[in-house]
Amino acid sequence: MEQNIPQYKILLIGDSDVGKTSIVKRFSDDIFDEDLLCTIGVEYKVKTLKVDDKEVTFNIWDTAGQEKFRALISSYYRGAHGIILTYDVTKRETFKNLQYWLNEIETFSTRSNVVKLLVGNKIDKENREVTREEGLEFARSKAMLFIECSAKTKVGIQQAFEELAHKILETP
Ligand code: GDP
Ligand code: MG
């Protein structure tokens, strides 16, 4: 019998170059590209994953330069179940800008119970500027899930999406 797999809309946001597209590509196609071209507009990927013996399908929306595509924003956020807020652990500026992205969520998200996951990416690199503790503390203060990862080495990627799915399933 054909099973009804629940579908969830997931967005990635955060400063440009933090690795949003790389995270999606690693998760959906298991590839990594050192010289990724800048994402233009919005792209999306569909991926089914299993959590607690249940299958869920994620429709993952990846974007770039929302500043230049303001008109797209409200449709981008509309109905999202989960938001992955990404920064680069080697660029403090991208961590400082998280509050800007939280304000965007506040303004545009249509669900009050949208699940937020904070992701510190590029932990494979030597020149870290933001500690794990700082990320964890900020996530805690804003009621977000938290994980550090590397799209390059894969560490944390699968776990990030699984934790998000898990939380979405337990959120009414
Ligand atoms: P986006 O603008 O947020 O979508 O960022 P991209 O996915 O386009 O990545 C920007 C640059 O960072 C690209 O050159 C990627 O190859 C690189 N990058 C992304 N994730 C990682 C990572 O985990 N480790 C390292 N070393 N480089 C990464
Ligand atoms: Mg991109």
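If you're wondering where the values come from, they're calculated on a predicted model, not measured in any experiment.

Reading the values: rules and limits
- Residues numbered from 1 in each chain as written.
- Chains lettered and ligands numbered in written order.
- Predicted model: local features only at pLDDT ≥ 70, side-chain atom pairs only at ≥ 80, totals over all residues.
- Heavy atoms only, no water.
- Near = heavy atom within 4 Å.
- Areas by Shrake-Rupley, 256 points an atom, 1.4 Å probe, with all protein chains shown as cover.
- Helix = DSSP H or I, 4+ residues; strand = E, 2+ residues; numbered from the N terminus.
- Nonpolar A, V, L, I, M, F, W, Y, C, P; charged D, E, K, R; others polar.
- Phe/Tyr/Trp six-rings, centres within 6.5 Å; stacked < 30°, edge-to-face > 60°.
- Lys NZ or Arg CZ within 6 Å of the ring centre and 35° of its normal.
- Core = buried A, V, L, I, M, F, W, Y, C linked by side-chain atoms within 4.5 Å.
- Buried < 20%, exposed > 50% of the residue type's maximum accessible area, 1.4 Å probe, protein only.
- Contact = heavy atoms within 4.5 Å.
- Pairing = 2+ DSSP bridges.
- Expected span 1.5 Å × (residues − 1).
- Arc of directions from axis to C-beta.
- Axes fitted to C-alpha atoms, helices over the stretch in contact; angles between N-to-C directions.
- Parallel < 35°, antiparallel > 145°, perpendicular 65-115°, else oblique.

Caption draft 1: Broad picture of the site of ligand 1. Around ligand 1, the surrounding shell holds 19 residues, and the nearest of these are Asp17, Ser22, Asp33, Glu34 and Asp124. Expressed as a share of its isolated accessible area of 580 Å², the protein-covered part of ligand 1 is 90%. Among the elements that take part in the shell around ligand 1, helix H1 (residues 20–29) stands out by supplying 3 residues, more than any other. Its residues assigned to classes, the shell around ligand 1 comprises 4 nonpolar, 6 polar and 9 charged.

Caption draft 2: How the structure looks around the packing of aromatic side chains. All chains considered together, the criterion is met by 9 aromatic pairs. An aromatic cluster of at least three residues, connected via ring pairs, comprises Tyr44, Trp61, Tyr76, Tyr77 and Phe108. The ring centre of Trp61 lies 3.9 Å from the NZ or CZ of Lys9, which sits over that ring. Residue placement shows Lys47 over the ring face of Phe27; its charged tip is 5.3 Å from the ring centre.

Caption draft 3: Looking closely at the nonpolar core. Counting 24 residues, the largest nonpolar core has Ile10, Ile23, Phe58, Ile60, Ile84, Phe161 and Leu164 as its most contacted members. The element best represented in this core is helix H6 (residues 157–170), accounting for 6 residues. The contacts of Leu164, once residues within four sequence positions are left out, are Ile10, Phe58, Gly82, Ile84, Val115, Leu117 and Leu145. Counting 22 residues, the second largest nonpolar core, distinct from the first, contains Leu11, Leu85, Leu102 and Leu118.

Caption draft 4: Summary view of the pairing of strand S6 (residues 145–148). Across 4 bridges, strand S5 (residues 115–121) lies against S6 in parallel orientation. Residue pairing across strands places Gly120 opposite Glu148, the latter belonging to S6.

Caption draft 5: Examining H1 more closely. Judged by how many residues are buried, H1 sits mostly within the fold: 8 of 10 residues are covered. Listed as buried for H1 are Lys20, Thr21, Ser22, Ile23, Val24, Arg26, Phe27 and Ser28. Phi for Asp30, located one or two positions after H1, is positive at around 55°.

Caption draft 6: Broad picture of H6. Its 14 residues place the ends of H6 21 Å apart at the C-alpha level, agreeing with the 20 Å of an ideal helix rising 1.5 Å per residue. Every buried residue belonging to H6 is among Ile157, Ala160, Phe161, Leu164, Ala165 and Ile168, and all of these are buried. The buried residues of H6 occupy an angular sector of 125° when projected down its axis, which confines them to one face.

Caption draft 7: Structural view of the packing of H1 against H6. At a minimum axis separation of 9 Å, H1 and H6 run at an interaxial angle of 90°. When the interaxial angle is binned, H1 and H6 end up roughly perpendicular. When H1 is examined against H6, the residues Ile23, Arg26 and Phe27 are found in contact with a partner set consisting of Ile157, Gln158 and Phe161. Taken together, the residues that form the contact of H1 with H6 break down as 4 nonpolar, 1 polar and 1 charged.

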